[in-house]
Amino acid sequence: MRGAAREGAREVCRWMGSPSRSIYSSTTSSFCLPADYSRNHTLANDVRLFGFGLHNGKETRVTVRPFDKHGVYFYRRPPLRVGDEGASTWRSTSMVAVPSPLCTTLRFPNSDDTVSTVEHLASALAGVGITSALVEVDGGEVPVLDGSALPFVEAFVETGIEEVDCARDSVRGSGDVCRREGQSAVELGYDERRKFPSISASISFSEPIGNQQYSIAKLTPAKYVEEIALARTFTLKSAVDGAKKSGLIKGGNLDNAIVYDDEKGRVLNTDGLRYADEAVRHKLLDMVGDVYLRVPLPFHCLRMQSTRGGHRLNIQAADEMRTRIGQE
């Protein structure tokens, strides 16, 4: 079943160039955002955002609709090829996760069709407390917009976030999981007594990024918007050529990513950084999105910690946690 707009609600549809910064101050008020993650929420109406794919470089569109089932669901259009399956909706936890160092891709079951770079959208959904959503992507990749979660948050708040009555997943047990790879590790913990999720991350790169760490002991939607949502995706200048040779970041530029010049020790973006430690905060943004796609509920019971982690370890740890607590 596809989502339906609420009566009287206004659809938000926008082409993304440079984002407005109004959300930074306006969304932290209690009437715009849920106070915490204890209740179920969906959108008041459809949200459509247009832009370009970070990796495929093509014009893309994403539509996020209200939904009455718990979780993030993706809509697959009826294929044009004879003999293929028809239109269908799939929960993100039922899709095949294909993580890479630079993004997270989900593949529809029994199909070659995929949706990629889904982590920023998922992070925004999780961060503002939306527990039920139906997502439709045109162009194979969620538009990168400005490289952060901010444009999604702005659109969600503009159209409205409201409570929805639907049953949560059953959960059994609790505990911790950890996935390691060399000096990198991602740890997740689940405790049903927890009232707020906690997140922490540390990274280590050559200058000018250097060593950074950031943590929030009690994450709320307001804290997510203020401290995480604005953080943009980033790269080192020395890594750009290699990524392009691999067929990635075809749509990347200084309007949708931070580029650190590791030869001259400076940031190439003329508008500078939004946070002094923007890089590690974006790692938190990615982790929230990756985990939410694979262990969507109950979000407030989670503890998330990343040490030099990335999409692959995020997904591996989240899938192990989902099995541990019985969310299949």
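Please refer to the structure placed before this passage.
What you are looking at is a predicted structure, and each value in this text was computed from that prediction instead of being measured. (Residues numbered from 1 in each chain as written. Predicted model: local features only at pLDDT ≥ 70, side-chain atom pairs only at ≥ 80, totals over all residues. Heavy atoms only, no water.)

### Some thoughts on the overall build of the protein
Short version of the rule: Here a strand is any run of E in DSSP of at least two residues, a helix any run of H or I of at least four, and the numbering for each starts at the N terminus. Exposure is judged per residue with a 1.4 Å probe applied to protein chains only, and the accessible area is read against the type maximum: over 50% gives exposed, under 20% gives buried, and values in between give partly exposed. By definition in these notes, contact holds between two residues if any of their heavy atoms fall within 4.5 Å.
Counting secondary structure elements, the protein contains seven helices and 19 strands. Evaluated residue by residue, the protein yields a buried proportion of 56% over its 328 residues. Within the protein, residue pairs in contact and separated by at least 24 positions form 75% of the contacts whose partners lie at least 6 positions apart.

### Re empty space enclosed by the protein
Here the idea is plain: a probe the size of a water molecule rolls over the atoms and shows the empty space left. Rules: Using a 1 Å grid laid over the protein atoms alone, points where a 1.4 Å probe fits but cannot get out form a cavity; open sets with protein on both sides within 12 Å along at least 5 of 7 lines form a pocket; any residue with an atom within 4 Å of a point counts as lining. Grid points are joined across faces, edges and corners, and a volume is the space filled by probe spheres set on the points. When residues are grouped by polarity, Ala, Val, Leu, Ile, Met, Phe, Trp, Tyr, Cys and Pro land in nonpolar, Asp, Glu, Lys and Arg in charged, and all others, Gly among them, in polar.
Scanning the model with the defined rule gives one cavity of 30 Å³ or more in all. The calculated volume of the largest cavity comes to roughly 60 Å³. What lines the largest cavity is a set of eleven residues, and nearest its centre among them are Tyr 37, Gly 129, Thr 131, Tyr 292 and Phe 299. When its residues are assigned to classes, the lining of the largest cavity shows six nonpolar, three polar and two charged.

### Re the side chain of Asp 261
Here is the rule: In protein, a polar contact means a hydrogen-donor-capable atom and an acceptor-capable atom, both N or O and within 3.5 Å, with residues adjacent in sequence counting only if both atoms are side-chain atoms; elsewhere, any N or O pair within 3.5 Å suffices.
With respect to the helices, strands and loops of the structure, Asp 261 is situated in strand 17 (residues 258-261). A polar contact of 2.9 Å, which involves the side chain of Asp 261, links it to the backbone nitrogen of Glu 263. In this structure the side chain of Asp 261 is engaged in a polar contact, spanning 3.1 Å, whose partner is the backbone nitrogen of Lys 264. When sequence neighbours within four positions are dropped, the list of residues in contact with Asp 261 reads Pro 208, Lys 237, Arg 266 and Leu 268.

### What to know about unusual backbone geometry
In this chain, Glu 207 is followed by Pro 208 through a cis amide linkage whose omega measures 15°. Considering the arrangement of structural elements, one finds Pro 208 in the loop between strand 14 (198-204) and strand 15 (211-216). Unusually for a residue other than glycine, Asn 110 sits at a positive phi of about 55°. Within the secondary structure, Asn 110 sits in the loop between strand 8 (104-107) and strand 9 (114-116).

### Some points on the sheet that holds strand 9
So the rule is basically this: A pair of strands is labelled paired if DSSP reports no fewer than 2 bridges between them. Axis lines are fitted through C-alpha atoms, for helices just across the contact stretch, and the angle between N-to-C directions can take any value from 0 to 180 degrees.
Spatial strand order, 7-8-9: three strands in an open sheet with antiparallel pairing. Here the strands that pair on one side only, and so sit at the sheet edges, are strand 7 (96-99) and strand 9. Strand-to-strand twist of the sheet, defined as the mean angle between neighbouring strand axes without regard to direction, takes the value 20°. Pairing between strand 8 and strand 9: three bridges, direction antiparallel. Across the sheet, Arg 107 pairs through a bridge with Thr 114, a residue of strand 9.

### So, the packing of aromatic side chains
We apply this condition: Side-chain rings of Phe, Tyr and Trp (the six-membered ring for Trp) are treated as a pair once their centres are within 6.5 Å; stacked means planes under 30 degrees apart, edge-to-face means over 60, and tilted covers the remaining angles.
Summed over all chains, the structure comprises five aromatic pairs. Measuring from centroid to centroid gives 5.7 Å for Phe 205 and Phe 234, while their planes differ by 85°, and the two rings are edge-to-face. Note that Phe 205 is positioned in the loop between strand 14 and strand 15 and Phe 234 in strand 16 (residues 234-236), a separation of 29 residues in sequence. Residue Phe 205 is classed as partly exposed on the basis of its relative accessible area, which comes to 32%. Judged by its relative accessible area of 15%, Phe 234 is buried. On the numbers, 6.1 Å between centres and 85° between planes, the contact of Phe 234 with Tyr 260 is edge-to-face. Taken as a pair, Phe 234 in strand 16 and Tyr 260 in strand 17 lie far apart in primary sequence, 26 residues in all. Of the residues examined, Tyr 260 reaches a relative accessible area of 1% and is grouped as buried.

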